[in-house]
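So the chains spell out like this:
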Amino acid sequence: MNLKAVLEGLLFLSGSEGLTFEQIKEILEVDDAKGKQLIAELNAEYKLKTRGIKLELLGGAFKLTTKKEHKQYFEKMLKCEAEGELSEAALETLAIIAYSQPITRNQIDEIRGVSSSHIIRKLLIKALIQDCGRSELPGRPILYSTTPHFLDYFGLSSISELPPLEINNNKENIQEENLFETRYTEN
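Residues numbered from 1 in each chain as written. Predicted model: local features only at pLDDT ≥ 70, side-chain atom pairs only at ≥ 80, totals over all residues. Heavy atoms only, no water.

A word on a nonpolar patch on the surface. Together, Leu 91, Tyr 153 and Phe 154 give the surface a local cluster of nonpolar side chains, amounting to about 280 Å² of exposed area. Examined against the element boundaries, Leu 91 turns out to sit in helix 5 (residues 88-100). (Patch = residues over 30% accessible without salt bridge, like charges linked within 9 Å, V, L, I, M, F, W, Y side chains within 5 Å. Areas by Shrake-Rupley, 256 points an atom, 1.4 Å probe, with all protein chains shown as cover. Salt bridge = Lys/Arg side-chain N within 4 Å of Asp/Glu carboxyl O. Helix = DSSP H or I, 4+ residues; strand = E, 2+ residues; numbered from the N terminus.)

Let us now look at the packing of helix 1 (residues 3-14) against helix 3 (residues 32-46). Helices that pack against each other are described as a pair by the angle of their axes relative to one another and the distance between those axes. For the pair helix 1 and helix 3, the least separation of the axes is 10 Å and the interaxial angle reads 75°. What the angle tells us is that helix 1 and helix 3 run roughly perpendicular. Across from Leu 3, Lys 4, Leu 7, Glu 8 and Leu 11 in helix 1, the residues of helix 3 making contact are Lys 34, Leu 38, Ile 39, Glu 41, Leu 42, Glu 45 and Tyr 46. (Axes fitted to C-alpha atoms, helices over the stretch in contact; angles between N-to-C directions. Parallel < 35°, antiparallel > 145°, perpendicular 65-115°, else oblique. Contact = heavy atoms within 4.5 Å.)

The topology assignment puts Leu 38 in helix 3. C-alpha of Leu 38 to C-alpha of Lys 4: the two residues are 34 residues apart in sequence and 5.6 Å apart in space. Discounting chain neighbours no more than four positions away, the residues touching Leu 38 are Leu 3, Lys 4, Leu 7 and Leu 28.

Here helix 3 contains 15 residues, and its C-alpha end-to-end distance of 21 Å stays within 8% of the 21 Å for a straight helix at 1.5 Å per residue. Within the span of helix 3, buried status applies to Gly 35, Leu 38, Ile 39, Leu 42 and Tyr 46. Projection of helix 3 onto a plane perpendicular to its axis shows the buried side chains occupying an angular sector of 95°, all on one side. Exposed residues lying more than 90 degrees from the buried face of helix 3 are Ala 33 and Lys 36. Check the buried side of helix 3 and you find it contacts helix 1, helix 2 (21-28), strand 1 (53-58) and strand 2 (61-66). (Expected span 1.5 Å × (residues − 1). Buried < 20%, exposed > 50% of the residue type's maximum accessible area, 1.4 Å probe, protein only. Arc of directions from axis to C-beta.)

Structure, rendered in structure tokens:
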């Protein structure tokens, strides 16, 4: 197995949190020398002019970051994302945050049933949500809440003006659930 490729994937998945040297060694099950070798080899590849990202040690963690010489293109992308309309998935994520704030990304993912990291990033860029601290849960994940811009965007003076949630628990829905469960269970 190509451990250098695995390391690259791990760094990509870790996002802005990054991975410490100890985490890298533990996950890859390697010693200090092998860990340093993998990092050095990956770093050498990223130093090539043909690559758009680089490997940096920031805040005690290794992270994949963009190269400064490409900054003008990244700024254009962020500007486009900030100006674009909200997708259905973004509205869904925003509603979950608005009604459940403060909330972690993992809690949002559980409710939606899919990863929300990309959508959360877009909502942060649009200044509709914000990092409002850290949870006491293991790993101390980031908590998200809506911003004053969210209120302006939707014409609200406060969060209390959000319409009440309607939870529909009628028998018809229960029968549909049971039909699904019985149709798709193994005998």
